Structures are given as structure tokens and as C-alpha cells.
Amino acid sequence: MPTSVEELVDLLDLETIDVNLFRGRQPITFLQRVFGGQVAGQALTAASRTAPEGMDVHSLHSYFLRPGDPNVPIIYDVERLRDGSSFATRRVEARQHGRAIYYQTVSFQRPEPGIEHQDVMPEVLSVEDAPDVLDLLRERAPGAVRVWEQEWGILDVRHAGQTGPGGGLPADEHPSRSRFWVRVSGPLPDDEIVQKAALTYFSDVTLLGTALIAHGLRFSDPGVMAASLDHTVWFHRPFRADEWLLYDQVSPSAQGGRGLAIGRLFTESGVLVATAAQEGVVRYNPPA
């Protein structure tokens with residue numbers, strides 16, 4: 001995965017093959033399948049390249065159909081579903097080996113004034129007081145340190161609490177909750193598409209893991225199997241993905257081999273800038 005901001009920007013950029021047709025490159029990775037945040041971020045870039053001038057993306061909804069092959073490029077085919085005066089819609093099919101691996105529907109809107117309200121940002125550990133995720137991994141799961149450094153080392157992630165023993169958050173209303181401060185660890189271009197693609201990229205890193213917290217489990221534990229089924233992001237207000245964002249995540253339900261997780265992203269000043277949601281396969285078969 002990218003090891004510098006330049007590599008991340010390059011990864012989220014796409015080669016134009018033809019009208020509405022793009023190709024995304026692959027990074028060097030330990031993963032056996034394409035990271036979901038990568039294909040979602042690249043698909044958003046593809047859709048944005050075809051958006052009407054003056055319109056901004058406000059939401060994306062997507063499904064992961066098949067595991068992506070990290071050894072070959074991904075083709076992104078954009079269908080222009082609708083161009084209206086206020087909204088436009090695009091559908092992106094990501095393909096490898098002649099088969100669809102991912103679908104994303106993206107909605108764009110021409111900016112307009114309207115009523116305003118937002119959730120209040122929760123009280124949370126400051127960035128300065130929140131421990132680095134890498135330091136926690138060295139203590140609790142040293143075997144995962146190399147994978148994190150290789151796959152998500154471009155991200156600066158601080159752990160701001162979770163439910164469960166020693167997590168610091170009460171489990172009365174949300175038994176499965178986690179909070180992280182997150183940012184890309186270097187300056188990104190001002191381009192809004194790059195900023196939103198970068199947030200889409202890192203919104204997939206920690207979200208589904210929230211469904212495991214109530215059970216005292218982690219992805220790295222023996223017997224745990226997890227995979228994303230869908231992913232949605234709503235963009236509310238301007239932000240920068242290279243500045244600290246609080247990712248407040250809850251899992252309202254896990255059942256039937258699936259877990260649901262919802263996350264709100266706030267700036268340090270308390271502005272709600274985006275909301276993400278994801279459901280995934282979450283299975284646990286304890287080792288004999």
C-alpha cells in the first residue's frame with residue numbers, strides 16, 4: 001500500500017482509457033485481496049471525472065461483489081445515469097478478469113443554501129492525549145505491526161477510546177463503540193476530489209472492526225473472519241483529509257454472520273463533515 005502522500009495521491013489518480021473508462025493501478029501489498037477503501041476511493045475518482053461542472057459529490061453507496069486481485073489493474077466503467085439541474089448521478093462498475101468486483105453509485109449536487117443543524121461532537125480524548133495505534137499494536141498484537149506499517153502507514157491514527165474493559169467508554173447505550181483520531185500524515189493537494197477520495201479510502205480501515213468490540217475480539221484473533229459487503233459515505237461539509245478528524249464509530253447490531261457499523265467524522269473544532277456506514281460478514285469460529 002502507499003508509503004508516502006505522493007504514492008497515495010498517485011494511487012487515487014486514474015488513467016483515462018476512453019470516454020467514461022478508467023484504469024486504476026495497484027500498490028505493493030501483503031493483502032490477498034484489494035483493500036476496500038482503495039477500490040471505493042478510485043471509483044469515486046472515476047465518477048467525479050465525469051461529473052457536470054459546478055457539482056460536488058455528496059454521497060456514495062457501494063457493494064463489494066468479489067474479492068479484488070491485488071496483482072492486476074482495476075478497470076472502472078462509469079455510466080452517466082442522470083444529469084439534472086440540481087443533482088447528477090453516476091454508477092461505476094469496477095472490473096477485473098472480465099467480471100464485476102464492485103459497484104458504486106455516486107450522487108452530485110450543485111451547491112445551494114438550506115437549513116442547517118448537526119450532531120454535537122462527543123467529549124473525547126484530545127489528539128495529544130490519545131495513544132498512537134502503532135504503539136498499542138506493539139503492546140497488544142505485535143504480529144500485526146508490520147502489516148499495519150506496510151498497509152496503512154500513510155495514515156496517522158490515534159486511539160481515543162472504546163467500550164469494554166479498559167476502553168474508557170461506557171457501554172450503556174452502545175455496547176460496541178470505538179473512537180479514533182485519523183488523518184493522512186502529510187499535505188494533500190487542495191483538489192476536493194482528492195480530499196474526498198482520501199477520506200473514502202481511510203473510512204474503511206477501522207469501521208467494521210467496531211462490530212467485534214462488544215465480544216472482545218480483533219481481526220487478528222484466531223477464528224475471526226471479516227469482509228466488507230457494502231460501504232456508504234455521506235459528505236456534509238468541507239474538510240481536509242490531511243487534518244485531524246474524529247471518527248466516532250458504533251455497531252448497533254451484529255447477527256446472522258453480519259455486523260453493521262456507522263461512523264461520524266468531526267473536525268477538531270466539532271464540525272460534522274461526513275458520515276459512513278458499512279455492513280460486513282463477521283464470523284467467529286473459536287479454535288478447537
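Residues numbered from 1 in each chain as written. Predicted model: local features only at pLDDT ≥ 70, side-chain atom pairs only at ≥ 80, totals over all residues. Heavy atoms only, no water.

Inclusion rule: UniProt positions are given in the numbering used here, feature names are shortened, and annotations may be inferred rather than shown by experiment.
Looking at an unreviewed UniProt entry, one finds the protein named Acyl-CoA thioesterase 2, with Nocardioides cavernaquae as its source organism. Taken directly from UniProt, the Sequence similarities (unreviewed entry) text for the protein runs: "Belongs to the C/M/P thioester hydrolase family."

Some remarks on the overall build of the protein
What counts, and what does not: In this description a helix means any DSSP run of H or I spanning at least four residues, a strand means any run of E spanning at least two, and both kinds are numbered starting from the N terminus. Two things to know: the radius of gyration comes from C-alpha atoms, and the globule rule equals 2.2 Å times the number of residues to the power 0.38. Each residue is placed in one exposure class: buried if its accessible area under a 1.4 Å probe, protein chains only, is under 20% of its type's maximum, exposed if it is over 50%, and partly exposed if it falls in between. Pairs of residues are marked as contacts when any of their non-hydrogen atoms sit within 4.5 Å. Calculation of accessible area relied on Shrake-Rupley with a 1.4 Å probe; when residues are assessed, cover is drawn exclusively from the protein chains displayed.
In terms of helices and strands, the protein carries six helices and twelve strands. Whereas a compact globule of 288 residues would reach a radius of gyration of roughly 19 Å, the protein reaches 18 Å, a difference of no more than 12%. For the protein, the spread of C-alpha atoms along the three principal axes comes to 55 × 45 × 35 Å. Here the protein, with 288 residues, has 51% of them falling under the buried criterion. In the protein, once contacts between residues fewer than 6 apart in sequence are set aside, the share between residues at least 24 apart is 71%. Summing over all exposed atoms, the protein offers an accessible surface of approximately 13800 Å²; the carbon and sulfur share of this is 51%.

A closer look at a negative patch on the surface
Stated formally: Think of a patch as exposed residues, more than 30% relative accessible area, with no salt bridge, where like charges cluster within 9 Å and nonpolar side chains (Val, Leu, Ile, Met, Phe, Trp, Tyr) cluster within 5 Å. Every case where a carboxyl oxygen of Asp or Glu lies within 4 Å of a side-chain nitrogen of Lys or Arg is listed as a salt bridge. Within this scheme the basic residues Lys and Arg register as positive and the acidic residues Asp and Glu register as negative, but His and the chain ends are omitted. A single reference atom marks each charge: NZ on Lys, CZ on Arg, CG on Asp, CD on Glu.
Among the surface-exposed residues, Glu-128, Asp-129, Glu-243 and Glu-268 lie close enough to one another that they form a single negatively charged patch. Mapped onto the elements, Asp-129 comes out in the loop between β6 (99–109) and α3 (133–140).

Re the UniProt feature "domain: Acyl-CoA thioesterase-like N-terminal HotDog" (unreviewed entry) in the protein
In the numbering adopted here, UniProt assigns the feature "domain: Acyl-CoA thioesterase-like N-terminal HotDog" (unreviewed entry) to residues 33–108. With 18% helix and 51% strand, residues 33–108 has its two end C-alpha atoms placed 30 Å apart.

So, the sheet that holds strand β8 (residues 177–184)
The cut-off we apply is this: In short, DSSP must find at least two bridges between two strands for them to pair. Interaxial angles span 0 to 180 degrees and are taken between N-to-C directions of axes, which are lines fitted to C-alpha atoms, for helices over the stretch in contact.
With respect to topology, twelve strands assemble into an open sheet ordered β1-β2-β4-β5-β6-β3-β9-β12-β11-β10-β8-β7, the strand pairing being antiparallel. Two strands bound the open sheet, and with one partner strand each, they are β1 (15–18) and β7 (155–162). With direction set aside, neighbouring strand axes in the sheet form an average angle of 25 degrees. Bridge count between strand β5 (residues 87–96) and β6: ten bridges; the pairing is antiparallel. Looking across to β6, one finds that Glu-93 is bridged to Tyr-103. Most of the contacts of helix α2 (residues 36–49) go to β6, to which it runs at about 50 degrees, and overall it touches β1, β2 (21–24), β3 (56–64), β4 (74–83), β5, β6 and β9 (224–235).

Quick look at the UniProt feature "domain: Acyl-CoA thioesterase 2 C-terminal" (unreviewed entry) in the protein
In the numbering used here, UniProt assigns the feature "domain: Acyl-CoA thioesterase 2 C-terminal" (unreviewed entry) to residues 177–281. For residues 177–281, the helix share is 15%, the strand share is 49%, and the end-to-end C-alpha distance is 18 Å.

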